[in-house]
6 protein chains.
Amino acid sequence: MKLIKLEPGLKYDGSQIKPMWAFQSLGVKGSSIVSWIGPMNVQPDELIDYEDVGLEIKSDEMIHFIIEHFDAQPADMRLCYHRQRILIMIVQDLLQEIGIKTHRKGDDLYCDEGKLSVSVATCSASSMKIHFAMNLTSQGTPKKVKTVGLLECSTELDIDEISKLPDKISKTYKDEIQDIEEDIAKTRVF
Amino acid sequence: MKLIKLEPGLKYDGSQIKPMWAFQSLGVKGSSIVSWIGPMNVQPDELIDYEDVGLEIKSDEMIHFIIEHFDAQPADMRLCYHRQRILIMIVQDLLQEIGIKTHRKGDDLYCDEGKLSVSVATCSASSMKIHFAMNLTSQGTPKKVKTVGLLECSTELDIDEISKLPDKISKTYKDEIQDIEEDIAKTRVF
Amino acid sequence: MKLIKLEPGLKYDGSQIKPMWAFQSLGVKGSSIVSWIGPMNVQPDELIDYEDVGLEIKSDEMIHFIIEHFDAQPADMRLCYHRQRILIMIVQDLLQEIGIKTHRKGDDLYCDEGKLSVSVATCSASSMKIHFAMNLTSQGTPKKVKTVGLLECSTELDIDEISKLPDKISKTYKDEIQDIEEDIAKTRVF
Amino acid sequence: MKLIKLEPGLKYDGSQIKPMWAFQSLGVKGSSIVSWIGPMNVQPDELIDYEDVGLEIKSDEMIHFIIEHFDAQPADMRLCYHRQRILIMIVQDLLQEIGIKTHRKGDDLYCDEGKLSVSVATCSASSMKIHFAMNLTSQGTPKKVKTVGLLECSTELDIDEISKLPDKISKTYKDEIQDIEEDIAKTRVF
Amino acid sequence: MKLIKLEPGLKYDGSQIKPMWAFQSLGVKGSSIVSWIGPMNVQPDELIDYEDVGLEIKSDEMIHFIIEHFDAQPADMRLCYHRQRILIMIVQDLLQEIGIKTHRKGDDLYCDEGKLSVSVATCSASSMKIHFAMNLTSQGTPKKVKTVGLLECSTELDIDEISKLPDKISKTYKDEIQDIEEDIAKTRVF
Amino acid sequence: MKLIKLEPGLKYDGSQIKPMWAFQSLGVKGSSIVSWIGPMNVQPDELIDYEDVGLEIKSDEMIHFIIEHFDAQPADMRLCYHRQRILIMIVQDLLQEIGIKTHRKGDDLYCDEGKLSVSVATCSASSMKIHFAMNLTSQGTPKKVKTVGLLECSTELDIDEISKLPDKISKTYKDEIQDIEEDIAKTRVF
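Residues numbered from 1 in each chain as written. Chains lettered and ligands numbered in written order. Predicted model: local features only at pLDDT ≥ 70, side-chain atom pairs only at ≥ 80, totals over all residues. Heavy atoms only, no water.

> Can you walk me through the overall build of chain A in this structure?
What chain A contains, in helices and strands, is 4 helices and 8 strands. The secondary structure elements of chain A, listed N-terminal to C-terminal, are β-α-β-β-α-β-β-β-β-β-α-α. For chain A, whose C-alpha radius of gyration is 16 Å, the value lies close to the compact-globule estimate of 16 Å for 190 residues. Here the C-alpha coordinates of chain A stretch approximately 50 × 35 × 30 Å along the principal axes. Within the span of chain A, comprising 190 residues, buried residues form 63% of the whole. Pairs at least 24 apart in sequence give 69% of the contacts found in chain A among residues at least 6 apart. Of the roughly 7,300 Å² of accessible surface on chain A, 48% is carried by carbon and sulfur atoms. Of the side chains in chain A, 23 bear a positive and 31 a negative charge, and the two mean positions are spaced by 3 Å. (Helix = DSSP H or I, 4+ residues; strand = E, 2+ residues; numbered from the N terminus. Rg over C-alpha atoms; globule rule 2.2 N^0.38 Å. Buried < 20%, exposed > 50% of the residue type's maximum accessible area, 1.4 Å probe, protein only. Contact = heavy atoms within 4.5 Å. Areas by Shrake-Rupley, 256 points an atom, 1.4 Å probe, with all protein chains shown as cover. Lys, Arg positive; Asp, Glu negative; His and termini not counted. Charge placed at Lys NZ, Arg CZ, Asp CG, Glu CD.)

Printed below as a string of structure tokens:
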């Protein structure tokens, strides 16, 4: 699984959730986790979650992760959503380590009452995709939803820690998936 | 998914990880999560984790969970280990809510340096099984490993909270799996 | 599996066979069986069965069933067509109970020489869909095919029995699928 | 799928449900349906249905079918039980054609109150197996269960029709499975 | 698996790789291998291999094979690419038998330095597709790539042998796949 | 995929085909290909190919390969046999490069009329296994079969080339499987 960190600035518009985006846009072949900081404004025809139809999905500055897995063939939506949950629980752990306490409802993270993150998972016949993003600030987020950014979650935040987050999250997630594979390879089955 | 809570006392000897144990021993048909408090002493020929060969796996008093899933056919070891991780991260969250801070390495939970839990997952062609158990105290645990029990993790522990743990864990896990299924049913695929 | 019965009148135009139709149109999340009475006129670009290309698929009044299953991940066309056959054999049984004798060729039901029903199954990566519909009368059906409606199959038909059919079919199908799941959970595998 | 009809006499003792029985005992390679007339007496350690533990499963004279499918890899218990249901519904149809009216509960057929048949399905990692058998008479069946044989279901039975049953059932089942495969190959997916 | 040989002349434009092409264009239902001699000019929007974007994929005269498999449900891209490799290694063997020595890199065949063949595999939810084609001459091939045709690979080529190639390749491939299925049916699993 | 080369001498007795052998005996975790030179004498109760029942399977000196794959979950016998064929075709290619011409029937290699190799594949729920071995000489092989060893296939054999074979085969096989995975990751699906 390749770890890619992009320069800040790429706008997440929903097209990045499409299978093979990393290969077609970045030349990254195989399973990967791509992270970057940038705005989000999802186009209606790029919506993946049918519950989001008609909603604004936008923010001025977020930490984004786009994950693609090719290991399970054919791709398996159920496995993909399990991985999404594992990713988000890893994020929650790492945030707590730097003093940001969140709670989770399904695939959403909250600081107090404020919605901190967005996430969706999907697949084609051959790959599984996950998008997860956290607001850095609540600027540019939809008015109808109470939102919050990482920088607003804690008063004594170390900016340096925030900047290390994307790499730490990517690496921890990659290690977890690898660790699961190793567990399979030492387990007796019936 | 059925939630079953047994009377305290059943010894976990490794036989409970076998597929269909809940049906054969308890008459519980279908996916289930069974919890109870009891000792553990795994017989060598019941070992599932080949890395445990030659080790003692025992404790005088633990909270046990045995989970069986029949939803994925054929059963999928990879999905099973993802669910194991989700279970353990849920446990970690719920422990923290009652003031017990743990850290996780793979499928093991630790309080400080002490190993708090054991876990294994396995499958047959038709079902996926998970065993997870936490020491209540470190009594009766192997001498070669530094272990700890829940009651030793915190000085200001509320026994009442501990007693509520099994049900809370079972219910939260069940809800999470159900929540994932509902997410699948609202997601556009490619 | 949710059982939904719609008010009469919805025209089946082929769009209802699309994955997630029940969620997008009716807000029904998860596996479901939706039934209603209404006309049918399948648009050419909504055709699922490539053998139907160029044919008229229409009728003025039919009992419709739209089934969606999310249990098998990834969705499995083979399993889906087995379920379609089971549905149709269930229908045949229930029709016979109220005195309507039919015979079956593949996924079509006939009264004597008249074609009584239409059906198709399909899937996306994440769900399996079945449409099955029976003519109430042969009005509005294609002229090139000899068709028949339920009300024309028997001279001594009890209208009350016909009105109970959709619910009975839906419930019997749901019970059968559930029964199969329970059988899996009590079966030794090798 | 090969159709094999054995000479009468082989006792079904449960060993025939094991994967590869047709190859090891009869030299039949690949998917097959084997039928024969003979007694049954299932040994306790050959039990497949855990609900049958402790029960007598025997009869002096039955029509037996042993089916093995290798098409789905890995083998799928869910698909296997769907096929079992289809087989039994086919049997029911063919019985009715010769004047024997039965009703079905799950995978059991009844004439009036008498249990006519036994059936079980199972699988290994690579094949799916079904056993289905109908009593010809109720002789030698367990006393604790009200049973019936085909020859006792109807007063005006044509023995000649009974003797044609095994071949008709095998052929109709084979054709149905083949028909499903052909339906897959003409279906648009999403 | 049906073997179909078309009259020479059909241009491969990429549309033939689409699932169900053999059924929709030729009325061939089920798994098949279709071969013919004809030109190739792949339209950009019919590209399957994202690495080919922007490249010309054309040739004046090639031996084409289009394979579709419906046996694995859901279709499996990994299995499909394994079959593609097996096909190409079979071609290599059969070419060598008639004195044409090639070497293989992934799914490409070369005579000396010249690229002899093109190939791609893909799938939908329900079928797996392979296209493989070899230049007869290098006429009409892209100028940016060093290419070669079968007729240019050897100085002492028997045209009669070339004309027998399509049938031999199709039959050998079909036999190999069938042989694998038979091996499954005689293998003990754990 | 790990490449392991053992010291000469280990006798292949059939136990090495069991899932997890590499982990339990060698401590190798995950997918691997293990090669060594040693004798073979398969114990009857370790037979995997039911057609071999009653046959002697032995040789004094062979090059052995034991492959285990954990990538496909659940393990897939069909994929496993495709990989076995690919392995054997790779061996055939590499033998030819050093002047040893063989022909292949299914999973057997022959020099002229002499059987050069043995092979079998199998799986558990979680891993796929392949054993392939070639005689170095025909010493110690069963008398009822005409066999041959690599050293007897050619008069002008370079012993140095033979000694390089195991590594070359292992590496080429590993690269091929990796290459297939990369092809999946650049392919458009429908």
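Moving on from the coordinates now.
> Any chance you could explain the nonpolar core here in plain terms?
Across soluble globular proteins, nonpolar side chains show a tendency to be buried alongside one another. Ranked by internal contacts, the top residues of the largest apolar core, which has 130 residues, are Leu95, Met134 and Leu150 of chain C together with Leu95, Met134 and Leu150 of chain D. Apart from the residues within four sequence positions on either side, Met134 of chain D is in contact with Glu61, Met62, Ile63, Val91, Leu95, Leu116, Ser117, Leu150 and Ile169 of chain D. (Core = buried A, V, L, I, M, F, W, Y, C linked by side-chain atoms within 4.5 Å.)

> Before we go on, may I ask you to explain the arrangement of the chains in this structure?
Where chain B comes nearest to chain E, the C-alpha atoms are still 10 Å apart, and the two do not contact one another. Over all C-alpha pairs, chain C and chain F never come within contact, reaching a minimum spacing of 10 Å.

> Explanation requested: the relation of the copies chain B and chain D in the structure shown.
You can overlay chain B on chain D at an RMSD of 0.0 Å; the transform is a turn of 120° with a shift of 0.0 Å along its axis. Here the transformation between the copies is reduced to the relation of a three-fold axis. For chain B, the residue whose C-alpha comes nearest the rotation axis is Ala125 of chain B, separated from it by 3.5 Å. Residue by residue, only 10% of the interface of chain B is reproduced at the interface of chain D, so the copies engage with different surfaces. (Least-squares fit on C-alpha atoms with pLDDT ≥ 70 in both.)

> Would you take a moment to explain the state of the cysteines for this structure?
One covalent bond between the sulfur atoms of two cysteine residues makes up a disulfide. Evaluated as defined, the whole model comprises 6 disulfides over all chains. For Cys111 of chain A, the disulfide goes to Cys153 of chain A, at an S-S distance of 2.2 Å. Measuring the twist about the S-S bond at about 100°, one finds the Cys111 of chain A-Cys153 of chain A disulfide to be right-handed. Of this pair, Cys111 of chain A sits in strand E5 (residues 108–111) while Cys153 of chain A sits in helix H3 (residues 150–153), and the two are 42 residues apart along the sequence. Considering cysteine sulfurs only, Cys123 of chain D is the nearest to Cys80 of chain D, which forms no disulfide, with 6.6 Å between them. (Disulfide = S-S within 2.5 Å.)

> Could you clarify how one ought to interpret the interface of chain B and chain A in this entry?
Interface size is commonly expressed as the accessible surface area that is lost when the partners come together. At the junction of the two partners, chain B supplies 47 residues and chain A supplies 48 residues. Summed over both partners, the interface of chain B with chain A buries about 4,100 Å², with 55% contributed by carbon and sulfur atoms. Together, Arg78, Arg188 and Phe190 of chain B form the three largest contributors to the area buried by chain B at its contact with chain A, with a combined 19%. At the junction of chain B with chain A, the criterion picks out 16 salt bridges. A salt bridge links Lys186 of chain B to Asp49 of chain A; the nearest nitrogen and oxygen atoms lie 3.1 Å apart. (Buried area = accessible area lost by both parts, 1.4 Å probe. Salt bridge = Lys/Arg side-chain N within 4 Å of Asp/Glu carboxyl O.)

> What is the right way to look at the packing of aromatic side chains in this model?
Any pair of aromatic rings gets described here by the distance separating the centres and the angle formed by the planes. Counted by the stated rule, this structure contains 12 aromatic pairs over all chains. Between the aromatic rings of Trp21 of chain A and Trp36 of chain A, the centroid separation amounts to 5.7 Å while the plane-to-plane angle is 40°, which identifies the pairing as tilted. With a gap of 15 residues between them, Trp21 of chain A in helix H1 (residues 21–26) and Trp36 of chain A in strand E2 (residues 32–41) connect regions that are remote in the sequence. Using a relative accessible area of 8% as the deciding quantity, one classes Trp21 of chain A as buried. Judged by its relative accessible area of 2%, Trp36 of chain A is buried. Stacked on the ring of Tyr110 of chain C, the Lys or Arg Lys105 of chain C has its end atom at 5.0 Å from the ring centre. (Phe/Tyr/Trp six-rings, centres within 6.5 Å; stacked < 30°, edge-to-face > 60°. Lys NZ or Arg CZ within 6 Å of the ring centre and 35° of its normal.)

> Looking at this model, I keep getting lost on the interface of chain B and chain D. Mind explaining?
The interface of chain B with chain D comprises 10 residues on the first partner and 9 residues on the second. Interface area lost by chain B to chain D is led by Phe23, Gln73 and Pro74 of chain B, which between them contribute 49%. Connecting chain B to chain D are 1 salt bridge. Residue Glu51 of chain D pairs with Lys29 of chain B through a salt bridge whose shortest N-O separation is 2.8 Å. The tally of links from chain B across to chain D stands at 2 residue pairs in polar contact (both at pLDDT 80 or more). Here the side of chain B that touches chain D is composed, by residue class, of 5 nonpolar, 3 polar and 2 charged. (Polar contact = N/O pair within 3.5 Å; in protein donor to acceptor, adjacent residues only side chain to side chain. Nonpolar A, V, L, I, M, F, W, Y, C, P; charged D, E, K, R; others polar.)

> Quick question: what am I supposed to make of the packing of helix H2 (residues 77–97) of chain E against helix H4 (residues 159–184) of chain F here?
Describing two packed helices takes the angle between their axes plus the distance from one axis to the other. The N-to-C vectors of H2 of chain E and H4 of chain F enclose an angle of 125°; their axes lie 10 Å apart at closest approach. When the axis of H2 of chain E is compared with that of H4 of chain F, the two are oblique. Our pair here, H2 of chain E against H4 of chain F, has a crossing hand that is right-handed. In this structure, H2 of chain E uses Met77, Arg78, Tyr81, His82 and Arg85 of chain E to contact H4 of chain F, whose residues at the interface are Glu176, Ile177, Asp179, Ile180, Glu181, Asp183 and Ile184 of chain F. Here the contact of H2 of chain E with H4 of chain F is built from residues that sort into 5 nonpolar, 1 polar and 6 charged. (Axes fitted to C-alpha atoms, helices over the stretch in contact; angles between N-to-C directions. Parallel < 35°, antiparallel > 145°, perpendicular 65-115°, else oblique. Left-handed = near helix turned anticlockwise from the far one by under 90°.)

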